[in-house]
Amino acid sequence: MSHSSLTDDLSYLRDMAEAGQNAPLLGGRFLSWWGGLTTLAYLGHYAIAEGMFGLQPIAFAWMWSAYGVLGFGGFKLLQFTFPPSKPGAASTGNRVSSLVWMGAGMTLFAFFAGAILRAFADTSASAGDGFLWSVPVVLAVYGLSQLTSGLISGSRVLTLAGWGAIASVAAAVFLTGTNMVWLLGALVAGLTVFLPGMLLLRGEPSETV
């Protein structure tokens, strides 16, 4: 093997490695789904807490149960219909993002499972108390997940979204115990998860290259 041939081969391998490292993230549809659904759920929680529909506190349990069922069902549907020809799925950024969000999803599932069970078990006015700290917890988990995904993949959109969600935790803690915290949760979920997801979705390649 000549020196020039070896140099060409090494250059090719380097270009392939860099292409994999800079491959576009493919989780936009999942971020949009969960971000949009969480935004609507927190708006619904605010409406119930404000007594807009005259619902009893048990409504919190039913609404968040529906959130879980719809969220997981939609997530599996998106997985099932995900185009297998999308390039870059094996890139470091996509693998790390997938693992980080898997852990985030399991953490939030455990939190909301406990809150929902409490709401079903407690029929008094305090039935929704299990959700009180959900906004700071959710925003912290969103922030860490987005920031990690953004830093590993080099995505400025996700990095900024991560820092934004983390910064909003202070405001969420300050507002916890007031109904304004639910509106904050809806706003931050929309800006740091739903919107970045839509931007990533627009940037996805349409076919294998």
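If you're wondering where the values come from, they're calculated on a predicted model, not measured in any experiment.

### Side note on the overall build of the protein chain
Here is step 1 of the chain: Within the protein chain, the secondary structure is distributed over seven helices and zero strands.
Here is step 2 of the chain: When the helices and strands of the protein chain are placed in sequence order, the string is α-α-α-α-α-α-α.
Here is step 3 of the chain: A buried classification covers 39% of the 209 residues belonging to the protein chain.
Here is step 4 of the chain: Considering only contacts in the protein chain between residues 6 or more positions apart, those separated by 24 or more positions represent 75%.
Here is step 5 of the chain: As displayed, the protein chain has an accessible area near 11400 Å², and 71% of this comes from carbon and sulfur atoms.

### Quick word on a nonpolar patch on the surface
Here is step 1 of the chain: Taken together, the side chains of Val 157, Leu 187, Leu 191, Phe 194, Leu 195, Met 198, Leu 199 and Leu 201 define a hydrophobic patch exposed on the protein surface, amounting to about 640 Å² of accessible area.
Here is step 2 of the chain: At seven residues, the largest contribution of residues to the nonpolar patch is made by helix α7 (residues 180–203).
Here is step 3 of the chain: For Met 198, the position within the fold is in helix α7.
Here is step 4 of the chain: The exposure class of Met 198 is partly exposed, given its relative accessible area of 34%.

### Digging into the nonpolar core
Here is step 1 of the chain: Judged by nonpolar contacts, the single largest core of 36 residues is most densely connected at Tyr 42, Trp 64, Phe 112, Phe 131, Val 135, Tyr 142 and Trp 182.
Here is step 2 of the chain: For this core, the secondary structure elements donating two or more residues are α2 (28–49), α3 (58–80), α4 (92–121), α5 (134–153), α6 (156–175) and α7.
Here is step 3 of the chain: Take this core: its biggest share by element is eight residues, from α7.
Here is step 4 of the chain: If we ignore the near neighbours within four places in the chain, the residues touching Val 135 are Tyr 42, Ala 172, Val 181, Trp 182 and Gly 185.

### Notes on the packing of α4 against α5
Here is step 1 of the chain: Direction vectors running N to C along α4 and α5 enclose 170°, while the axes themselves pass 8 Å from each other. Overall, the two elements α4 and α5 adopt an arrangement that is roughly antiparallel. Listed contacts from α5 to Thr 92, Gly 93, Val 96, Ser 97, Val 100, Trp 101, Ala 104, Thr 107, Leu 108, Phe 111 and Phe 112 of α4 are Ser 134, Val 137, Val 138, Val 141, Tyr 142, Ser 145, Gln 146, Thr 148, Ser 149, Ile 152 and Ser 153.

### Digging into the packing of aromatic side chains
Here is step 1 of the chain: Summed over all chains, the structure comprises 13 aromatic pairs.
Here is step 2 of the chain: Plain terms: the ring middles of Phe 112 and Phe 131 are 6.3 Å apart, the flat faces sit at 40° to each other, and that makes the pair tilted. Separated by 19 residues along the polypeptide, Phe 112 in helix α4 and Phe 131 in the loop between α4 and α5 bring together distant segments of the chain. A single burial state applies to Phe 112 and to Phe 131, both of which are buried.

About the thresholds
- Residues numbered from 1 in each chain as written.
- Predicted model: local features only at pLDDT ≥ 70, side-chain atom pairs only at ≥ 80, totals over all residues.
- Heavy atoms only, no water.
- Helix = DSSP H or I, 4+ residues; strand = E, 2+ residues; numbered from the N terminus.
- Buried < 20%, exposed > 50% of the residue type's maximum accessible area, 1.4 Å probe, protein only.
- Contact = heavy atoms within 4.5 Å.
- Areas by Shrake-Rupley, 256 points an atom, 1.4 Å probe, with all protein chains shown as cover.
- Patch = residues over 30% accessible without salt bridge, like charges linked within 9 Å, V, L, I, M, F, W, Y side chains within 5 Å.
- Salt bridge = Lys/Arg side-chain N within 4 Å of Asp/Glu carboxyl O.
- Core = buried A, V, L, I, M, F, W, Y, C linked by side-chain atoms within 4.5 Å.
- Axes fitted to C-alpha atoms, helices over the stretch in contact; angles between N-to-C directions.
- Parallel < 35°, antiparallel > 145°, perpendicular 65-115°, else oblique.
- Phe/Tyr/Trp six-rings, centres within 6.5 Å; stacked < 30°, edge-to-face > 60°.

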